[in-house]
Amino acid sequence: MSQDIEAISFRQLRLFESVGRLKSVRRASEDCNLSQPAVTQSLSKLEQLVDARLVERRASGSYLNDNGELFYRRVSRFITQFEQALALFGVEGGMVGAKTVAARLLRSQVRALIAIVEQGSFPLAAQALGLSPATLQRAARDLESNVRKPLFYRTAAGTIPTPDGIQLGRRLKLCIQEIDWGVQELAEAHGGTTAPLIVGAMPLGGSVLLASMLEDFIRAAPQAQVVVRNESAVEMVKSLRAGDVDFVVGLLPQENADDLDTLPLARTPYSIVAREGHPLLRQSTVTRDDLARFDWLVGAPGSSRRACFDRLFDGDPGVRSPISTSALAVIRPLLLGSDRLTLMTSYELQHEGQGMAAIDYGPISPVPVIAVTTRANWLPTRLHARFVQMIRDHVAATIPIRTESAALELA
């Protein structure tokens, strides 16, 4: 399926939403204050851009077909979220004013703001978009004029977005993602090539889980493409909020946030892990003082691994932990070549623990939960949903211990 997503205008989307909601080109023309030929022409152009018939025209009205219904749910979400983003930004008139402002904005203006927020400056944003600085400046100023609130301010280093402008740009980026996914769903429905799934892998556990099931997913969905991004737990959650990853797999984030949803999959208790042949493996009883005699490899601040380590030693500053990392490529040689200790989940040790062994110490709390984390109110595409279901099935088959909440979710 050939697509030109960037060429889809906000005006075309609003007109399509109106036709789908009112089931009539005539009523949509009245709703949007345009002529019927203008609505018909806009709808025809949109169908060309997504390479799919969306509306069936009959004597009794204009009705969405299966493609139209699929695309309509994304467009309606886009419009709702777009207006909510403007209301949260503080345009005059609340939600009523947001609807009025939304009808004035052009895609080129919103694209300019998103690029400036992502790139951090006007020159870099113009370069990323392939626009002249003057063209980008004009689009940005037109947007600022439309929302009637400051979006940018001058500094010694140049013009940069205001904090409110940054938040607006990030929210609008997530709104536009709905349209991208809507086009992808149409492509998938017609057997075409879809854009890659962008999956975030939390250090260690998330990467291990994805590596163990990706082959099965690609075999089941050969047309799919998957991009796996690896970052620290803190950075991964930032990427999720920014829309740079579609969802995140790995240990449950430490923070409880209203803007994130989690699907718990299984409990994976931590063990204290050392190289095979470590002196503590020969002891029948290991105390906390014994553990404190050795250097530790700990997780990065903000990770569940780090929180568990701090709880194990009650924050005792006398325990040496000079290296913080969640990268297995770093942990493995440091652990195998010394008497250092670290924390690994039972799942990680099972799959990646060659040459390592768990020290018999007793239960360690808190017990981490491996999960899929998404943005709140996220609507997955069919391919997203298929991927997440395969993760759930894989975890159910390979990790015997489940949380009660996970059992309810999986029921």
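## With respect to the pattern of salt bridges
- With the rule as written, the count across this model stands at 24 salt bridges.
- In this structure, Glu 17 engages Arg 21 in a salt bridge whose closest nitrogen and oxygen atoms are separated by 2.9 Å. A residue pair is termed a helical-turn pair when its members lie 3 or 4 positions apart in one helix, as Glu 17 and Arg 21 do in helix α1 (residues 10–22) at four residues.
- Its salt-bridge partner being Glu 30, residue Arg 26 comes within 3.2 Å of it at the nearest N-O pair. Of this pair, Arg 26 and Glu 30 are both found in helix α2 (residues 25–31), four residues apart, which corresponds to roughly one turn of the helix.
- Judged by relative accessible area, which is 53%, Glu 30 ranks as exposed.
- In this structure, a network of salt bridges that share partners links the residues Arg 73, Arg 74, Arg 77, Glu 178 and Glu 185.

## Some remarks on the sheet that holds strand β9 (residues 270–275)
- Read from one edge of the open sheet, five strands run β11-β10-β12-β9-β13, paired in mixed fashion. A single partner strand is all that each edge strand has here, and the edge strands are β11 (323–324) and β13 (356–359).
- Here β9 pairs with β13 via four bridges, running antiparallel. Across the sheet, residue Val 273 finds its bridge partner in β13, namely Ala 358.
- In this fold helix α13 (residues 304–312) packs onto β9, β10 (296–298), β11 and β12 (341–345), with an angle of close to 125 degrees to the strand it touches most, β12.
- Running at roughly 55 degrees to β9, helix α14 (residues 328–336) makes contact with β9, β10, β11, β12 and β13 of the sheet.

## Side note on empty space enclosed by the protein
- A full pass over the atoms with the stated rule returns two cavities of 30 Å³ or more.
- As a volume, the largest cavity reaches approximately 60 Å³.
- Lining the largest cavity are Phe 10, Arg 14, Phe 78, Ile 79, Phe 82, Glu 83 and Ala 102.
- No other element matches helix α4 (residues 66–89), which puts four residues into the lining of the largest cavity.
- Grouping the amino acids of the lining of the largest cavity by side-chain chemistry returns five nonpolar, no polar and two charged.

## Describing the confidence of the model for the protein
- Residues at a pLDDT of 70 or more form 95% of the protein, whose mean pLDDT is 88.
- Averaged pLDDT values for the elements of the protein fall to 37 in helix α17 (residues 404–410) and rise to 96 in α4.
- In the predicted structure, residues 401–411 sits below a pLDDT of 50 and forms 21 contacts with residues beyond four places in sequence or in another chain.

## Overview of the packing of α1 against α4
- Two elements in contact, α1 and α4, have axes separated by 9 Å at closest approach and are oriented at 115 degrees. Helix-helix and strand crossings are classified by hand; for α1 and α4 the assignment is left-handed. Facing α1, whose interface residues are Phe 10, Leu 13, Arg 14, Phe 16, Glu 17, Gly 20 and Arg 21, α4 presents Gly 68, Phe 71, Tyr 72, Val 75, Phe 78, Ile 79 and Phe 82.

## Topic: α1
- In this model α1 runs 18 Å from its N-terminal to its C-terminal C-alpha over 13 residues, within 8% of the 18 Å that 1.5 Å per residue would give.
- Every buried residue of α1 is listed here: Phe 10, Gln 12, Leu 13, Leu 15, Phe 16, Glu 17, Ser 18, Val 19 and Gly 20.
- Following α1 by one or two positions, Lys 23 adopts a phi angle in the positive range, close to 55 degrees.

What counts and what doesn't
Residues numbered from 1 in each chain as written. Predicted model: local features only at pLDDT ≥ 70, side-chain atom pairs only at ≥ 80, totals over all residues. Heavy atoms only, no water. Salt bridge = Lys/Arg side-chain N within 4 Å of Asp/Glu carboxyl O. Helix = DSSP H or I, 4+ residues; strand = E, 2+ residues; numbered from the N terminus. Buried < 20%, exposed > 50% of the residue type's maximum accessible area, 1.4 Å probe, protein only. Pairing = 2+ DSSP bridges. Contact = heavy atoms within 4.5 Å. Axes fitted to C-alpha atoms, helices over the stretch in contact; angles between N-to-C directions. 1 Å grid on protein atoms, 1.4 Å probe; cavity = no way out; pocket = protein on both sides within 12 Å on 5 of 7 lines; lining within 4 Å. Points joined across faces, edges and corners; volume = space filled by probe spheres on them. Nonpolar A, V, L, I, M, F, W, Y, C, P; charged D, E, K, R; others polar. pLDDT = per-residue confidence, 0-100. Left-handed = near helix turned anticlockwise from the far one by under 90°. Expected span 1.5 Å × (residues − 1).

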